[in-house]
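One letter stands for each residue in the lines below.
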Amino acid sequence: MVFINRSVTEISEVDYPMVQNGGYYAPENCRSRHKVAIIVPYRNRKENLAVFITSMHPFLMKQKLEYRIFIVEQKGTELFNRGRLFNAGYLEVRKYGNWKCVVFHDVDLLPLDERILYSCPLWPRHMCGTVVEVKNPSFRTLFGGVSAMIPQHFEKVNGFSNVYWGWGGEDNDLFWRIRAVGLPIVRYNKLIAKYTSLQHEKSKPNTLRYNLLQGFARRFLRDGLTTLEYVVDKVILHHLYTHLMLDLNPRKINITKMMLEASRWK
């Protein structure tokens, strides 16, 4: 079992001197077979971020990975769009290295078992099999929380959908995209793949998520990485992570209208 220090409130810039600026680490005594980009969508979770960063570095270093942690923050006050953040984060992290795989990771989830490997998977991998705080979870059509994909597979499904503003739906949509292109999804045994959820305020649900899910098959080849619009507002290289501030709606399109139109695509 992994110990999580939940009392951390600030990220120390002097911890983990072996980590290079921007949250990059590579083992000194070997060449890692796995070069991993960790992408974390973020907004207003300062306490969660401190616990996440200080917990994940020692966890990942033990696995002798070459990795870098990217915190992708949504600028402004519009409804949170996790899928767009992941898509934009994916396109941006390619500027920082030739990553063999990408882990899409929520900031409030932390692994509890050292047997959960953040190595690059052969097939899309849903990492988060069990959240210990959730009773009777159902993950049959879920690919959320924490997941890993190689770039070829993520691009084959055209990434996440861009149209889910508000909580919920984008991870289920990705699950069906993966199935639609004929890729299998692998998971660790739930007795191993245990995560804990850090306390946080619940986000506002997306009331149109079920309508959008019904039409995913009509949209997914023209709604995703290939149609994403965003602007990088700023980049800050902290010691333990790279912080990307992103404007996900640079043309200021009405997001409710955007979702309604997407749900009617033929």
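These numbers were taken from a predicted model, which means no experiment stands behind them.

A closer look at the side chain of D247
- Along the polypeptide, D247 turns up in strand β12 (residues 242-247).
- With relative accessibility at 13%, the residue D247 sits in the buried group.
- A distance of 3.1 Å separates a polar atom in the side chain of D247 from the backbone nitrogen of N249.
- In this structure, D247 is in contact with K75, Y230, V231 and K252, ignoring residues within four places of it in sequence.

A short note on the sheet that holds strand β5 (residues 109-111)
- An order of β5-β10-β7 is seen for the three strands of this open sheet, with the pairing classed as mixed. In the strand order of this sheet, the two ends are held by β5 and β7 (130-131), each with one partner.
- The pairing of β7 with strand β10 (residues 194-197) spans two bridges and is classified as parallel. Following the sheet pairing, T130 is matched in β10 by K194.

Focus on the side chain of S119
- Within the secondary structure layout, S119 lies in the loop between β5 and β6 (125-126).
- Other than its neighbours up to four places away in sequence, S119 contacts H34, Q63, L65, C101 and R125.

Description of the packing of aromatic side chains
- If you walk through the whole model with that rule in mind, you get 13 aromatic pairs.
- When the ring of F70 is compared with that of W99, the centres are 6.1 Å apart and the planes differ by 85°; the resulting orientation is edge-to-face. With F70 in strand β3 (residues 66-74) and W99 in the loop between α2 (82-93) and β4 (101-105), this pair connects stretches of sequence that are 29 residues apart. Across the pair, exposure class does not vary: F70 and W99 are buried alike.

Quick look at the pairing of β12
- The element β12 is largely enclosed, with a buried count of six among its six residues.
- Side chains of β12 alternate between two faces, with T242, L244 and L246 and H243, M245 and D247 buried alike.
- Here β3 runs beside β12; their pairing, made up of five bridges, is parallel. If you follow F70 over to β12, its bridge partner there is T242.

Quick look at the environment of G23
- Positionally, G23 belongs in the segment before β1 (24-25).
- For the pair G23 and H57, spaced 34 residues apart in sequence, the C-alpha to C-alpha distance is 8.5 Å.
- Contact partners of G23, with chain neighbours within four places excluded, come to H57, Y67, R68, I69, H238, H239, L240 and Y241.

A look at the layout of surface pockets
- Volume-wise, the second largest pocket comes out at about 310 Å³.
- Residue lining of the second largest pocket: 18 residues in total, with R84, T227, R251, I253 and M258 positioned closest to the centre.
- Top element by residues in the lining of the second largest pocket is helix α7 (residues 255-263). It accounts for four residues.
- Residues belonging to the lining of the second largest pocket are distributed by class as follows: eight nonpolar, three polar and seven charged.

Observations regarding the state of the cysteines
- Counted according to the given criterion, the structure contains one disulfide.
- Covalent S-S linkage joins C101 and C120, the inter-sulfur distance amounting to 2.3 Å. Handedness of the C101-C120 disulfide follows from its S-S torsion of about -75°: it is left-handed. Of this pair, C101 sits in strand β4 while C120 sits in the loop between β5 and β6, placing them 19 residues apart in sequence. Each member of the pair C101 and C120 is classed as buried.
- The structure places no disulfide on C30, whose sulfur is separated from the nearest cysteine sulfur, that of C120, by 14 Å.
- Judged by relative accessible area, which is 36%, C30 ranks as partly exposed.
- Here C128 stays free of any disulfide, with the sulfur of C101 as its closest cysteine sulfur at 17 Å.
- Residue classification places C128 among the buried residues on the basis of a relative accessible area of 2%.

About the thresholds
Residues numbered from 1 in each chain as written. Predicted model: local features only at pLDDT ≥ 70, side-chain atom pairs only at ≥ 80, totals over all residues. Heavy atoms only, no water. Helix = DSSP H or I, 4+ residues; strand = E, 2+ residues; numbered from the N terminus. Buried < 20%, exposed > 50% of the residue type's maximum accessible area, 1.4 Å probe, protein only. Polar contact = N/O pair within 3.5 Å; in protein donor to acceptor, adjacent residues only side chain to side chain. Contact = heavy atoms within 4.5 Å. Pairing = 2+ DSSP bridges. Phe/Tyr/Trp six-rings, centres within 6.5 Å; stacked < 30°, edge-to-face > 60°. 1 Å grid on protein atoms, 1.4 Å probe; cavity = no way out; pocket = protein on both sides within 12 Å on 5 of 7 lines; lining within 4 Å. Points joined across faces, edges and corners; volume = space filled by probe spheres on them. Nonpolar A, V, L, I, M, F, W, Y, C, P; charged D, E, K, R; others polar. Disulfide = S-S within 2.5 Å.

Taken by themselves, the reported measurements are silent on function.
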